[in-house]
Amino acid sequence: MRALVPDAGPAYSGPAGESGEVLSIRGGRPLRGDVEVKGAKNLVTKAMVAALLGETPSVLRDVPDISDVQIVRSLLEVHGVRVEDGEGGSIHLDPSGAATAHFEEIDAYAGASRIPILFCGPLLHLLGEALIPDLGGCRIGDRPINFHMDALRAFGAVVDKSYEGIRITAPDGLHGAKIELPYPSVGATEQVLLTAVKAKGVTELRNAAIEPEIMDLIAVLQKMGAIISYEPNRVILIEGVDSLRGYDHRAIFDRNEAASWACAALATDGEIFVRGAKQQEMLTFLNVFRKAGGWFDVQEDGIRFRRDGALKPVMVETDVHPGFMTDWQQPLIVALTQAEGTSVVHETVYENRLGFTAALVQMGADIVVHPQGIDSPDRRVPRRSLEQAAVINGPTPLHAADVVVPDLRGGYSYVIAALAAEGESVVRNIGIIRRGYEKFLAKLDAVGADFDVIG
Ligand code: EPU
């Protein structure tokens, strides 16, 4: 035991006992033990916004105690939604007192999260206007919002950009629309769903994202009374209804966190049982994990992960679902530094999501990033102008370094690299990791990581 890490108590006590910003990590020992994953960050935060659409209160279960959830909770509260903690990680959301918030109140959350953009549709239906602060989220590229704004305009919304932020109104109400996304964006698909469910008439969304978290959001909305059908070829049809009620829903598990711990077992040559992980939503990850030399056992209540002999090089292209998620490549790359041969990871979703590898190079990894990607006859995903490629030559021993966490997934991978490295590393800015990993330090402790909180 290296740090006093009491288990966080009630769901919203804040990441209790997890306030450390700087860790000193002694690496070189395998991680072994159990961790539990709760509801997916990328569903829970959206389902919380959906509660604004209901005429009665909602209950969301398996809510993780992460800072992104706390930000959305605060934003709902400044809009008059009552949010209370329930039993066993559930929250109750009562939108009956919802009202327009003052810009200064909303602006306090500027730069903190991407989720405020999804308040547009529900606020337009409820109050006739939406004020949106500057957005945040991980700095992994430009992260424009043009798809969102174009979709809102197609529903009849008017978008005014001012120096304060964005003000959106719907003087003639919102009506169903035919929308084709230029790219199957997760956020823009959610924007369309959250707006179309109460718009007048039918909305046809083409080139929609179909991530499991989106399917779970559709399930939430259907429980509320929405009529949504999923057609072949990324087409979603939404028939607008006049009113929706609250929901009671258990969030889909966090497959990104599950994949992160799986890669931690792979990189440190340990063995981790991820309680709550399910196979169906991780099929693509499990294939790559196996090809890279990983072993897994799917059980009733979770999945056990470890190595199966020497690690092998792989070629991976990140993609929208059902492809290999962009959020999986960072911890995988740490493991690939220990594979015998040359691996190639193409990042095709974001334009700047391989920058984190610079710190791995500082730790002894042999990784070359090609900013324009590289051509290869084996490509599965069509080339995107955004893409980058990382070429990883292994195995290279990793050694300790002093590194600063740049973003959520990159940050997690630094901690894993430090745990796989010989010597004592310092990892700073750990707070970013708590945006998406619940009880992070407690879980590290549970799998036997050797660390101290030093700042
Ligand atoms: N894009 C545009 N214009 C837009 C919206 C998106 O050009 O208006 C581009 C983006 O720049 C990017 C691509 O489309 O190149 C895909 O972005 P998408 O909209 O799908 O991503 P997102 O909704 O902003 C969510 C997750 C990300 C996850 C991606 C991809 C949340 C809060 N975030 O982001 O999760 O990587 O989908 O699956 O759900 C994370 O958890 O660390 C994280 C970054």
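For the structure itself, consult the block above.
Residues numbered from 1 in each chain as written. Predicted model: local features only at pLDDT ≥ 70, side-chain atom pairs only at ≥ 80, totals over all residues. Heavy atoms only, no water.

Undergrad: Before we move on, can you summarise the overall build of the chain with the specific residues and values?
TA: Counting its regular elements, the chain contains 13 helices and 23 strands. Its C-alpha atoms give the chain a radius of gyration of 22 Å, within 12% of the compact-globule value 23 Å for 455 residues. With the principal axes as the frame, the chain shows a C-alpha extent of 65 × 50 × 45 Å. Expressed as a percentage of its 455 residues, the buried residues of the chain come to 60%. Per element, the accessible surface of the chain, about 17,000 Å² overall, is 48% carbon and sulfur. (Helix = DSSP H or I, 4+ residues; strand = E, 2+ residues; numbered from the N terminus. Rg over C-alpha atoms; globule rule 2.2 N^0.38 Å. Buried < 20%, exposed > 50% of the residue type's maximum accessible area, 1.4 Å probe, protein only. Areas by Shrake-Rupley, 256 points an atom, 1.4 Å probe, with all protein chains shown as cover.)

Undergrad: Residues and numbers for a negative patch on the surface, please.
TA: Together, E104, E105, D107 and D134 line one region of the surface with negative charge. For D134, a relative accessible area of 54% corresponds to the exposed category. (Patch = residues over 30% accessible without salt bridge, like charges linked within 9 Å, V, L, I, M, F, W, Y side chains within 5 Å. Salt bridge = Lys/Arg side-chain N within 4 Å of Asp/Glu carboxyl O. Lys, Arg positive; Asp, Glu negative; His and termini not counted. Charge placed at Lys NZ, Arg CZ, Asp CG, Glu CD.)

Undergrad: A description of the sheet that holds strand β21 (residues 402-404) should follow, citing residues and the corresponding values.
TA: Read across the open sheet, the four strands follow the order β21-β22-β1-β23; overall the sheet is mixed. Every interior strand has two partners, whereas the edge strands, β21 and β23 (450-453), have only one. Pairwise comparison of adjacent strand axes, ignoring direction, gives a mean angle of 20° for this sheet. Here strand β1 (residues 22-26) pairs with β23 via four bridges, running antiparallel. Across the sheet, residue I25 finds its bridge partner in β23, namely F451. (Pairing = 2+ DSSP bridges. Axes fitted to C-alpha atoms, helices over the stretch in contact; angles between N-to-C directions.)

Undergrad: Could you give me a rundown of the site of the ligand, with the residues and numbers involved?
TA: K46, N146, S185, V186 and V349 are the nearest of the 26 residues found near the ligand. In the model, an oxygen atom of the ligand is placed 2.9 Å from a nitrogen or oxygen of the K41 side chain. Within the side chain of D327, a nitrogen or oxygen atom sits 2.9 Å from an oxygen atom of the ligand. Contact with the protein chains removes 93% of the 830 Å² of surface that the ligand exposes when unbound. Looking at the shell around the ligand, the elements that each hand over two or more residues are α1 (41-50), α5 (146-154), α6 (186-196) and α12 (408-420). Split by residue class, the shell around the ligand holds 12 nonpolar, six polar and eight charged. Two domains each donate at least three residues to the shell around the ligand, and these are domain 1 (22-37 + 253-453) and domain 2 (41-250). (Near = heavy atom within 4 Å. Polar contact = N/O pair within 3.5 Å; in protein donor to acceptor, adjacent residues only side chain to side chain. Nonpolar A, V, L, I, M, F, W, Y, C, P; charged D, E, K, R; others polar. Domains from an automatic or database assignment.)

Undergrad: Break down the pattern of salt bridges for me, with residues and values.
TA: Summed over the entire model, instances satisfying the criterion amount to 29 salt bridges. The closest approach of N and O atoms between R255 and E213, which form a salt bridge, is 2.7 Å. Of the two residues, R255 is situated in helix α8 (residues 255-268) and E213 in helix α7 (residues 212-223); the sequence distance between them amounts to 42 residues. With relative accessibility at 7%, the residue E213 sits in the buried group.

Undergrad: Now, about the packing of aromatic side chains: what can you tell me, with residues and values included?
TA: Tallied over the full model, the rule gives 11 aromatic pairs. With 6.2 Å between their ring centres and 40° between their planes, W261 and F440 make a pair best called tilted. Here W261, found in helix α8, pairs with F440, found in helix α13 (residues 440-446); they are 179 residues apart in sequence, far enough to count as distant. For the residue pair W261 and F440, the accessibility class agrees, reading buried in each case. With a centroid separation of 6.0 Å and an interplanar angle of 55°, the aromatic rings of Y437 and F440 are classed as tilted. Y437 gets classed as buried once you look at its relative accessible area, which sits at 1%. Under the relative-accessibility criterion, F440 is labelled buried at 0%. Among the aromatic residues, ring-to-ring pairing joins F285, F289, F296, F305, F324 and W328 into one connected group. The ring centre of W295 lies 3.8 Å from the NZ or CZ of R306, which sits over that ring. (Phe/Tyr/Trp six-rings, centres within 6.5 Å; stacked < 30°, edge-to-face > 60°. Lys NZ or Arg CZ within 6 Å of the ring centre and 35° of its normal.)

Undergrad: Give me the lowdown on the sheet that holds strand β13 (residues 248-250), citing residues and values where you can.
TA: Read from one edge to the other, the open sheet built from four strands follows the order β4-β5-β3-β13, with strand pairing classed as mixed. Strands at the two margins of the open sheet, each flanked by one partner only, are β4 (82-85) and β13. For this sheet, the mean inter-axis angle between neighbouring strands, taken without regard to orientation, is 15°. Inspection of the sheet shows strand β3 (residues 58-61) paired to β13 by three bridges, in the parallel sense. Each bridged residue has a counterpart across the sheet, and for V59 the counterpart in β13 is D248. Strands β4 and β5 (91-94) of the sheet are contacted by helix α2 (residues 67-78), whose axis makes an angle of about 140° with β4. (Contact = heavy atoms within 4.5 Å.)

Undergrad: Describe in detail the pairing of strand β8 (residues 165-169), supporting the description with residues and values.
TA: Here β8 lies mainly inside the structure; four of its five residues are buried. Note: strand β6 (residues 129-132) against β8, four bridges, orientation antiparallel. Its bridge partner being in β8, L131 is matched across the sheet by R167. Where strand β7 (residues 158-162) lies against β8, five bridges are found, and the strand directions are antiparallel. Opposite D160, over in β8, you have R167 as the bridge partner.

Undergrad: Could you give me a rundown of α2, with the residues and numbers involved?
TA: Compared with an ideal rise of 1.5 Å per residue, which puts 12 residues at 16 Å, α2 spans 17 Å between its outermost C-alpha atoms and is within 8% of the ideal. Among the residues of α2, S67, D68, V69, I71, V72, R73, S74, L75 and L76 are the ones counted as buried. Contacts from the buried residues of α2 go to α1, β4, β5 and α3 (103-107). (Expected span 1.5 Å × (residues − 1).)

Undergrad: Explain the nonpolar core to me, and be specific about the residues and the numbers.
TA: One finds I168, L221 and F285 to be the most contacted residues of the largest nonpolar core, which totals 153 residues. Sorting elements by how many residues they give to this core places α8 first, with nine residues. Inspection of this core shows a minimum of three residues originating in each of domain 1 (22-37 + 253-453) and domain 2 (41-250). When near neighbours in sequence (up to four residues on either side) are disregarded, L221 contacts A50, L53, L193, L194, V197, A226 and I228. (Core = buried A, V, L, I, M, F, W, Y, C linked by side-chain atoms within 4.5 Å.)

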